[in-house]
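# Breakdown of the fold
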Amino acid sequence: MIISGRELQGWRQRAREGAIAAGIPPEEVDWLLRELEECSALTLQFLVDRPSLDLPVSLSELERLWQCRLRDRVPLQHLVGRTHWRHFTLKVSPDVLIPRPETEILVDLVAEAIGQNPALAEGHWVDLGTGSGAIAFGLSECLPRGTIHAVDSSAESLAIARENARMLVLEERIKFYRGSWWQPLSSLAGKISGMVSNPPYIPSALIPQLQPEVSQHEPHLALDGGCDGLDAIRYLVETAPDYLHPGGLWAVEMMDGQAETVARLLEKRGQYCHIRIVSDLAKIDRFALAYRQ
Ligand code: GLN
C-alpha cells in the first residue's frame, strides 16, 4: 500500500492526540507503526521528507487497529500479535499472558544461581504455567546442557508456546506438557534441579480493578490467584519438595506485598533453605527463591 510520508504523518499526529485524550502513552503509535515493519524509528522521525512509503496495511486498516486500541483497550501486543521479551520475539494472543519485562529478571536469577552452583545446570528444569513459553525459552539459553520441561493447563496456550518454540528453533530443547502443575511430571519426582514459575498471583477481587487491557483482554487463568492471590504459590511451596532434588532451586514471581507471606510459607514448610526475596527494577519485592534442603 503506497502512501505519502505526509499522509502518514497526518495520521500519526491525529493518532497521538487520540492516545493522549484516552490516557494511552502516545509512543504506542510509533510502536504500532514500527511493528508493521516498514517504518523504522528513523523513518518515523523524517516522515514528511518521504514522497512515498510502501506500507503492508492501508491507512483505513491502521485506523481500524488504532480504534481497537483506544476504544476497546486491546493491548498493542494483541493488535500486532507479538511482543519482545529478552531478545526473543514471541507470538501472543488473548490465550496467554503477555510476558512482562520484570519477568526477564527471573531468568537472570536462574543464570546467577547456576553461576554459583554449576552442577545445577545439568539436570531437569521446569517452567510451570509456561503461557507463551517465555520463561522456558530463557531457561533453555542459560541451561545449554539441561532438559527443560514446560507445563500449562491450557491447550490454547500450549499451542502458542509450541509455535514460539518452532519459530525460535528451540523445539528440540523443550518438552511441552498439558496438565496441572506437576501432574505430567510425576516420573521426575525427586530429580528436578530447578522449578521456575510466574504463577497467577493477583487476588480475585483485584482483577476487575486492573487496567482494562489486563482485566478484559488477558486470560484470568494466568492472573487469578484466588482470594489472597497466593493459592498457586502456596501449592508450589507445598508440593515442590517432592519434586526437587536436595539443593534444587525454587523460584517464583509474585506481587507487591506478598514477599513476607511467601517467605514465611517457605520457612514453615521446613524443607527449604537460603530463602531470598529479590526486587524488580521498580524496587518491588517481586521474586522469591529458595533451595530444597
Ligand atoms: N504481572 C502480571 C500483571 O501485572 C500478573 C501476572 C501473574 O499473575 N502472574 O498483571
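A brief report on the enclosed structure follows. Everything numeric here is computed off the predicted structure, so don't read it as measured data.

Right, let's get into the packing of helix 11 (residues 231–243) against helix 12 (residues 259–269). Put simply, helix 11 and helix 12 touch, their axes get as near as 10 Å, and they point 25 degrees apart. By the angle class used here, helix 11 and helix 12 are roughly parallel. Crossing of helix 11 against helix 12: the hand is right-handed. Of the residues in helix 12, those touching helix 11 at Ile233, Arg234, Val237, Glu238 and Pro241 are Val262, Leu265, Leu266 and Arg269.

On to the packing of aromatic side chains. For the coordinates displayed, the defined rule picks out four aromatic pairs. Consider the rings of phenylalanine 88 and phenylalanine 137, whose centres lie 6.1 Å apart with planes at 65 degrees: the pair is edge-to-face. Remark: phenylalanine 137 occurs in helix 7 (residues 134–142) and phenylalanine 88 occurs in strand 4 (residues 88–91); sequence separation between them is 49 residues. Here phenylalanine 88 and phenylalanine 137 have matching classes, each one buried. Judged by centre distance (4.4 Å) and plane angle (5 degrees), the ring pair of tryptophan 182 and tyrosine 243 falls under stacked. Taken together, the positions of tryptophan 182 in the loop between strand 7 (174–178) and strand 8 (192–197) and tyrosine 243 in helix 11 put the pair 61 residues apart, joining distant regions of the chain.

A separate point is the site of the ligand. Neighbouring the ligand are the residues Leu97, Arg100, Asn198, Pro199, Pro200, Tyr201, Ile202, Val214, Ala222, Leu223 and Glu253. Contact distances for the ligand include 2.9 Å between a nitrogen atom and a side-chain N or O atom of tyrosine 201. Note that an oxygen atom of the ligand is positioned 3.3 Å from one of the backbone N or O atoms of alanine 222.

Moving on to the environment of glycine 81. Turning to its location among the elements, glycine 81 is positioned in the loop between helix 5 (76–80) and strand 3 (82–85). For the pair formed by glycine 81 and serine 4, sequence separation is 77 residues and the distance between their alpha carbons is 26 Å. Residues in contact with glycine 81, not counting those within four places in the same chain, are Leu90, Lys91 and Val92.

Once that is clear, we can look at helix 11. Between the first and last C-alpha of helix 11 there are 19 Å, a value that for 13 residues agrees with the 18 Å anticipated at 1.5 Å per step. In helix 11, a bend of some 30 degrees at valine 237 exceeds every other bend along the element, and proline 241, a proline, comes one to four places later. Those residues of helix 11 not exposed but buried are Ala232, Ile233, Leu236, Val237, Thr239, Ala240, Pro241 and Tyr243. Contacts from the buried residues of helix 11 go to strand 5 (124–128), strand 8, strand 9 (244–253), helix 12, strand 10 (272–279) and strand 11 (285–292).

Before going further, it helps to examine the pairing of strand 6 (residues 147–152). Of all the six residues making up strand 6, five are buried; the element is thus mostly covered by neighbouring parts of the structure. As paired elements, strand 5 and strand 6 share five bridges and run parallel to each other. By the bridge assignment, tryptophan 125 is partnered in strand 6 with isoleucine 148. For the crossover from strand 5 across helix 7 to strand 6, the handedness is right-handed. Judged from the five bridges that link them, strand 6 and strand 7 form a sheet pairing that is parallel. By the bridge assignment, isoleucine 148 is partnered in strand 7 with isoleucine 174. Taking the sense of rotation as the criterion, the β-α-β connection linking strand 6, helix 8 (residues 155–167) and strand 7 turns out right-handed.

Rules behind the numbers
Residues numbered from 1 in each chain as written. Predicted model: local features only at pLDDT ≥ 70, side-chain atom pairs only at ≥ 80, totals over all residues. Heavy atoms only, no water. Axes fitted to C-alpha atoms, helices over the stretch in contact; angles between N-to-C directions. Helix = DSSP H or I, 4+ residues; strand = E, 2+ residues; numbered from the N terminus. Parallel < 35°, antiparallel > 145°, perpendicular 65-115°, else oblique. Left-handed = near helix turned anticlockwise from the far one by under 90°. Contact = heavy atoms within 4.5 Å. Phe/Tyr/Trp six-rings, centres within 6.5 Å; stacked < 30°, edge-to-face > 60°. Buried < 20%, exposed > 50% of the residue type's maximum accessible area, 1.4 Å probe, protein only. Near = heavy atom within 4 Å. Polar contact = N/O pair within 3.5 Å; in protein donor to acceptor, adjacent residues only side chain to side chain. Expected span 1.5 Å × (residues − 1). Bend = angle between axes of the 7 residues up to and from the residue. Pairing = 2+ DSSP bridges. Right-handed = clockwise from strand over helix to strand, strands pointing away.

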